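# Coordinate inspection notes
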2 protein chains.
Amino acid sequence: MDRVSVQTNVLKANQEAATENRRLFEAEGTVVINLMSAPGAGKTSLLVATIQGLRDRYRLAVIEGDLQTDLDSQRIRALGTRSHQITTGTVCHLDARMISRALAEFPVQGLDLLVIENVGNLICPASYDLGESLRVVICCVAEGAEKPKKYPVMFHRADVVLLNKTDLAEASGVDLRELETNVREVNPKAMVFAVSCKTGVGLDAWLAWLGDAIASRSIAAAART
Amino acid sequence: MDRVSVQTNVLKANQEAATENRRLFEAEGTVVINLMSAPGAGKTSLLVATIQGLRDRYRLAVIEGDLQTDLDSQRIRALGTRSHQITTGTVCHLDARMISRALAEFPVQGLDLLVIENVGNLICPASYDLGESLRVVICCVAEGAEKPKKYPVMFHRADVVLLNKTDLAEASGVDLRELETNVREVNPKAMVFAVSCKTGVGLDAWLAWLGDAIASRSIAAAART
């Protein structure tokens, strides 16, 4: 079997596991975010801000994906939030089977929101459906305005794009409007939020939008029961 | 054939092509850099500064790897330097066969330095030898001090680590010494340079070191003829 056929089979098997995960999440009425970005764009910082903003209203948990270390999981647990660590070794992305194995020891029953923090990589994670409800991509402003054009698959498939570290825009010489225009060119349908997890700027709009998304899901789930 | 066997075969075939590339480069006395980093860490900016600093003394050329766009190649050609674009589509790294195919239409005879700018990815490119003499990894300070620990394979295999965008260290709240300590913990042998391609700070030391590496290679090649 050649490399392309193996890759096709891998993605097919992944899709089956992702469909099963999605069925489980939808039965629970749990909104599941697949959170993706390049290394160091601020996934864990966004997670911390999101937990702090929503934990009084919703039941939350986190699955962390990293090559090595459980530094991110430690950060989440320090907030008193449940977190499960997946260490991938040399594998550059999470896949749906890793998630279904994690769910066997980390039950998500009764959760309103599960955030899966993917491995820091702006390429490979885009190809693996995990069964999520929302694909959220963070782009660090300091990476430069042309990134959406250079990594189009990731941005094209996003439901939400967060432009983070806006506090560094001026010092980085990056034009925030140019970056946003480039996101919209690759993906006109995505919600776009410009935020700084450091200063807090823009986080209210993101939290309000996500809170509404969780609430309407909960309402829909309640109506079904 | 299962996925692991296919991957083993892929890496074996890559190694054969890399060995052939290396033989060709060494016969020419050309120093070849495999330049790797996460997206937006400053590979092309470092390339521009390196070309400007060394082009009066050495014959240089560039091979650019990107998923999409030839924006980086355009930037290099604007300096009057030869550049060849490899567009990988969805492939998340360069491999040695892509380089040997590029060499068929982009001859490197007589070059002192060839820089191969890899796809922006801190994981997968680390596994593919291209036949380079030096593995140079750029870590953007704004990515955070813990990155070497979280992406250890890339840092462990580097000959040189450049800590770029030091001008953003304070605004990012990143301790440069902690970042350097983390690099040295993963790789005690790597040369480490703290630089800012924007302000120029630290570039002299990098250019002096690289100039010496090229000169000693050229002397060795001359002695052989």
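Residues numbered from 1 in each chain as written. Chains lettered and ligands numbered in written order. Predicted model: local features only at pLDDT ≥ 70, side-chain atom pairs only at ≥ 80, totals over all residues. Heavy atoms only, no water.

Turning next to the relation of the copies chain B and chain A. Expressed as a screw transformation, the operator carrying chain B onto chain A has a rotation angle of 180° and an axial translation of 0.0 Å, and the superposed copies differ by an RMSD of 0.0 Å. Taken together, the turn and the small shift mark the pair as related by a two-fold rotation axis. The fraction of interface residues of chain B whose copies in chain A are also interface residues reaches 100%, indicating that both copies meet through the same surface. (Least-squares fit on C-alpha atoms with pLDDT ≥ 70 in both. Contact = heavy atoms within 4.5 Å.)

The next thing to look at is empty space enclosed by the protein. Taken as a whole and assessed by the stated rule, the structure comprises 5 cavities of 30 Å³ or more. In terms of lining residues, the largest cavity is bounded by 14 residues, among which Cys 140 and Glu 143 of chain A together with Cys 140, Ala 142 and Glu 143 of chain B are the most central. In terms of residue class, the lining of the largest cavity is built from 8 nonpolar, 2 polar and 4 charged. (1 Å grid on protein atoms, 1.4 Å probe; cavity = no way out; pocket = protein on both sides within 12 Å on 5 of 7 lines; lining within 4 Å. Points joined across faces, edges and corners; volume = space filled by probe spheres on them. Nonpolar A, V, L, I, M, F, W, Y, C, P; charged D, E, K, R; others polar.)

A separate point is the environment of Asn 21 of chain B. All names here are of chain B. Mapped onto the fold, Asn 21 is located in helix H1 (residues 3–28). Distance from Asn 21 to Ala 96, taken between C-alpha atoms, is 7.4 Å for residues 75 residues apart in sequence. In this structure the side chain of Asn 21 is engaged in a polar contact, spanning 3.0 Å, whose partner is the backbone oxygen of Leu 130. (Helix = DSSP H or I, 4+ residues; strand = E, 2+ residues; numbered from the N terminus. Polar contact = N/O pair within 3.5 Å; in protein donor to acceptor, adjacent residues only side chain to side chain.)

This part covers the sheet that holds strand E1 (residues 31–37) of chain B. Think of a sheet as strands paired side by side through backbone hydrogen bonds, with each pair either parallel or antiparallel. Residues and elements named next belong to chain B. Read from one edge of the open sheet, 7 strands run E3-E2-E4-E1-E5-E6-E7, paired in parallel fashion. Because the sheet does not close on itself, it has two edges, and the strands there are strand E3 (82–87) and strand E7 (191–194). Taken over all neighbouring pairs, the strand axes of this sheet differ in orientation by 20° on average, direction set aside. As judged from the 5 bridges shared by E1 and strand E5 (residues 134–140), these two strands associate in the parallel manner. Bridge pairing in E5 places Ser 37 opposite Ile 138. (Pairing = 2+ DSSP bridges. Axes fitted to C-alpha atoms, helices over the stretch in contact; angles between N-to-C directions.)

Once that is clear, we can look at the interface of chain B and chain A. Often the size quoted for an interface is simply the accessible area lost on bringing the parts together. Each partner contributes to the interface: chain B provides 40 residues, whereas chain A provides 40 residues. Between chain B and chain A, the buried area comes to about 3,000 Å², and carbon and sulfur atoms account for 63% of it. Note that Lys 150 of chain B and Asp 72 of chain A form a salt bridge whose closest N and O atoms lie 2.7 Å from each other. Between chain B and chain A we count 8 residue pairs in polar contact (both at pLDDT 80 or more) in total. Those elements giving two or more residues to the side of chain B that touches chain A turn out to be H1, helix H3 (71–77), helix H5 (147–150), helix H6 (152–156) and helix H7 (169–172) of chain B. A breakdown of the residues in the side of chain B that touches chain A according to their chemical character gives 19 nonpolar, 9 polar and 12 charged. (Buried area = accessible area lost by both parts, 1.4 Å probe. Salt bridge = Lys/Arg side-chain N within 4 Å of Asp/Glu carboxyl O.)

Turning our attention to the packing of aromatic side chains. For any pair of aromatic rings, the description consists of the separation of the ring centres together with the inter-plane angle of the planes. Under the definition given, this model contains 6 aromatic pairs over all chains. With a centroid separation of 6.3 Å and 20° between ring planes, the pair formed by Trp 206 of chain B and Trp 209 of chain B is classed as stacked. Here the residue Trp 206 of chain B and the residue Trp 209 of chain B both occupy positions in helix H9 (residues 203–224), the gap between them amounting to 3 residues, near one helical turn. Among the residues examined, Trp 206 of chain B registers a relative accessible area of 2% and is labelled buried. What links up through ring pairs into an aromatic cluster is the set Phe 193, Trp 206 and Trp 209 of chain A. If you follow Arg 82 of chain A out to its NZ or CZ, it ends over the ring of Phe 106 of chain A, 4.3 Å from the centre. (Phe/Tyr/Trp six-rings, centres within 6.5 Å; stacked < 30°, edge-to-face > 60°. Buried < 20%, exposed > 50% of the residue type's maximum accessible area, 1.4 Å probe, protein only. Lys NZ or Arg CZ within 6 Å of the ring centre and 35° of its normal.)

For the rest of this paragraph, the subject is unusual backbone geometry. All names here are of chain A. One non-glycine residue, Thr 69, lies in positive phi territory at about 70°. Turning to its location among the elements, Thr 69 is positioned in the loop between strand E2 (60–66) and helix H3 (71–77). Its identity is not glycine, yet Lys 165 carries a phi of approximately 60°, on the positive side. Mapped onto the elements, Lys 165 comes out in the loop between strand E6 (160–164) and helix H7 (169–172).

Further remarks concern the pattern of salt bridges. All names here are of chain A. All chains considered together, the criterion is met by 18 salt bridges over all chains. Residues Arg 22 and Asp 129 are paired through a salt bridge, measuring 2.8 Å at the closest nitrogen-oxygen approach. Remark: Asp 129 occurs in the loop between strand E4 (113–117) and strand E5 (134–140) and Arg 22 occurs in helix H1 (residues 3–28); sequence separation between them is 107 residues. In this structure Asp 129 comes out as buried when scored by relative accessible area, which is 12%. Across the salt bridge formed by Asp 112 and Arg 59, the nearest N and O atoms sit 3.3 Å from each other. Of this pair, Asp 112 sits in the loop between helix H4 (96–105) and E4 while Arg 59 sits in the loop between helix H2 (43–54) and E2, placing them 53 residues apart in sequence. A residue is classified by how much of its surface remains accessible, and Arg 59, at 51% relative accessible area, is exposed.

With 7 of 7 residues buried, E5 of chain A is to be regarded as a mostly interior element. Burial along E5 of chain A is two-sided: the residues Leu 134, Val 136, Ile 138 and Cys 140 of chain A and Arg 135, Val 137 and Cys 139 of chain A are all buried.

Residues and elements named next belong to chain A. By secondary structure assignment, the location of Ala 102 is in helix H4. For Ala 102, a relative accessible area of 3% translates into the label buried. In this view, Ala 102 contacts Ile 63, His 84 and Ile 86; residues no more than four positions away in its chain are not counted.

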